[in-house]
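If you want the building blocks of each chain, they are given just below.
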Amino acid sequence: MGMRLLKPHEPLCEVDPSRYKAETSLKERLLVEDHSYYFHGGDATFTAQWDVLELVTTDLALHYPEHFQLQRVGDAWHWLNSLSGLTTTFHFGDPATLPCEPLDWIGRQAQDDLVLLSADATATFVGGHLCFANGWAISDRLGKSFIEIHQRTPPATMASVESGARFLQNLKPGRSYWRMSWNFKLSDQMDMTTKHKPAYKADFARRAPELTAEDVGDSVFIRIERQTFTRLLRSQNLLFGIHTYNSSVAEEAADPRRARSILDVLRAAPQDVKDYKAITPIETALLSFLEERASS
Ligand code: HEM
């Protein structure tokens with residue numbers, strides 16, 4: 001699973017100031033264009049939504065005081081986000097004092113996707129902000145349990161998925177955890193939700209067979225998800241945070257030690273995982289490029 005405890009100095013929602021404005025503006029645009037495709041809330045999730053708002057505002061203010069400030073006087077909260085130029089005064093617990101639902105409000109200010117799962121053992125997807133998902137969307141997974149969501153994952157990964165289910169059942173409030181997941185894509189587009197799949201597949205089918213060791217480094221992007229897991233205090237729901245990072249293989253492999261690490265991961269990946277992640281058609285070019293960089 002690669003699960004690690006989040007240490008006190010490590011933020012729940014990482015802020016990358018060089019990308020913050022672009023990514024939060026993109027979220028805003030997507031939500032204006034197709035709100036219900038990227039956000040699902042509603043009354044049943046309100047306790048959990050306020051939990052998330054409290055957790056994320058407190059965490060951002062603690063780890064990035066130069067960008068975020070939170071003042072609390074009883075239920076009267078004052079929030080300053082200097083990266084977005086946003087000042088908000090609201091009453092905690094009263095949705096009428098915010099411009100939109102609590103999770104929608106704080107989700108627009110985090111680079112992470114924020115996904116809510118039910119409190120019971122099924123860990124069912126019940127709501128959240130999901131703008132930058134890789135190959136899935138609210139419309140195709142809402143209402144599904146953790147195990148149902150992972151039904152299409154390759155057999156070689158099932159042990160890790162089953163450990164994940166047990167891990168989530170046993171997760172207690174007060175300690176967040178994190179893990180990484182990785183992928184290779186022929187695009188660094190942030191929004192890779194389900195509706196973009198047909199266009200991506202067509203582009204991949206056209207470009208992948210042409211890739212060579214010379215151009216693969218600049219054409220292929222490593223898509224890393226920093227995933228966080230938290231049991232929320234009042235609602236007992238689970239919060240699944242996903243911060244997506246993209247960088248070209250050439251950029252990452254500029255350091256021979258990194259090129260070596262990527263090579264080791266690729267060589268160790270089971271065949272069904274490489275097929276699932278669509279690495280197989282670009283594998284030969286990728287391995288030649290990385291071998292050359294690792295030995296330079
Ligand atoms: C608890 C720890 C978790 C583990 C160990 C885990 C493991 C995995 C693995 C091994 C895969 C497939 C290969 C890969 O992309 O690496 C995967 C895919 C996926 N995971 Fe997770 N996961 C976890 C949590 C979650 C959560 C909380 C959600 C959201 C509800 C989620 C949603 C997905 C989705 C949508 C896919 C793609 C499935 C598809 O292609 O149909 N995962 N996960």
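Everything quoted here is computed from the prediction, not taken from an experiment.

> I tried to follow unusual backbone geometry on my own but got confused; where do I start?
Peptide bonds are mostly trans, and most non-glycine residues show a negative phi. Notably, Gln236 is not glycine yet its phi reads approximately 70°, a positive angle. On the basis of relative accessible area, Gln236 is assigned to the partly exposed category, the value being 34%. Phi angles above zero are rare outside glycine, and Ala278 is one such case at about 55°. With respect to the helices and strands, Ala278 occurs in the loop between α12 (271-276) and α13 (283-294).

> How do you make sense of the site of the ligand when you look at a structure like this?
Inspection of the region around the ligand gives 20 residues, with Arg141, His150, Phe240, Tyr276 and Lys277 positioned closest. The side chain of Arg141 places a nitrogen or oxygen atom 3.2 Å from an oxygen atom of the ligand. At 3.1 Å, a side-chain N or O of Lys277 approaches an oxygen atom of the ligand. Looking at which element gives the most residues to the shell around the ligand, the answer is helix α7 (residues 158-170), with four residues. Of the residues that constitute the shell around the ligand, the class distribution is 11 nonpolar, five polar and four charged.

> How should I be thinking about the sheet that holds strand β3 (residues 68-73) in this particular structure?
Pairing between sheet strands relies on hydrogen bonds along the backbone, with the strands arranged either parallel or antiparallel. The sheet built from three strands is open, its strands ordered β3-β4-β5 with antiparallel pairing. In this open sheet, the two strands that pair with only one neighbour each are β3 and β5 (86-91). This sheet shows a mean twist of 10° between the axes of neighbouring strands, independent of strand direction. Relative to strand β4 (residues 76-81), β3 runs antiparallel, the two being bridged by six bridges. From the neighbouring strand, Val73 faces β4, where its bridge partner is Ala76.

> For this particular structure, what's the right way to read the coordination of the iron atom of the ligand?
A metal bound by six donors in octahedral fashion has ideal angles of 90 or 180 degrees, whereas one bound by four tetrahedral donors has an ideal angle of 109.5 degrees. The sole protein-derived ligand of the iron atom of the ligand is His150 (NE2), positioned 2.0 Å away. Within the element layout of this structure, His150 appears in the loop between α6 (146-149) and α7.

> When you look at the pairing of β4 in this model, what are you seeing that I'm missing?
Consecutive residues of a regular strand have side chains that alternate between opposite faces of the sheet. Burial along β4 is one-sided: the face carrying Trp77, Trp79 and Asn81 is buried and the face carrying Ala76, His78 and Leu80 is not. Linking two consecutive strands that pair antiparallel, namely β3 and β4, is a turn of two residues; a positive phi of about 60° is found at Gly74 within it. The pairing of β4 with β5 spans six bridges and is classified as antiparallel. Among the inter-strand pairings, Ala76 is bridged to a residue of β5, identified as His91. Counting the residues between successive antiparallel strands, the hairpin from β4 to β5 contains four residues, one of them, Gly85, with a positive phi of roughly 65°.

> What should I look at first to understand the packing of helix α11 (residues 256-268) against α13 in this one?
Geometry of a packed helix pair, given as the angle between the helix axes and the separation of the axes. Relative orientation of the contacting elements α11 and α13 amounts to 145°, with a least axis distance of 8 Å. Pair α11 / α13 crosses with left-handed handedness. Touching Pro256, Ala259, Arg260, Ile262, Leu263, Leu266 and Arg267 of α11 are Leu286, Leu287, Leu290, Glu291, Arg293 and Ala294, all from α13. Tallied by class, residues from the contact of α11 with α13 come to nine nonpolar, no polar and four charged.

Rules of the game
Residues numbered from 1 in each chain as written. Predicted model: local features only at pLDDT ≥ 70, side-chain atom pairs only at ≥ 80, totals over all residues. Heavy atoms only, no water. Buried < 20%, exposed > 50% of the residue type's maximum accessible area, 1.4 Å probe, protein only. Helix = DSSP H or I, 4+ residues; strand = E, 2+ residues; numbered from the N terminus. Near = heavy atom within 4 Å. Polar contact = N/O pair within 3.5 Å; in protein donor to acceptor, adjacent residues only side chain to side chain. Nonpolar A, V, L, I, M, F, W, Y, C, P; charged D, E, K, R; others polar. Pairing = 2+ DSSP bridges. Axes fitted to C-alpha atoms, helices over the stretch in contact; angles between N-to-C directions. Donors = N, O, S within 2.8 Å, 3.2 Å for Na, K, Ca; no water. Left-handed = near helix turned anticlockwise from the far one by under 90°. Contact = heavy atoms within 4.5 Å.

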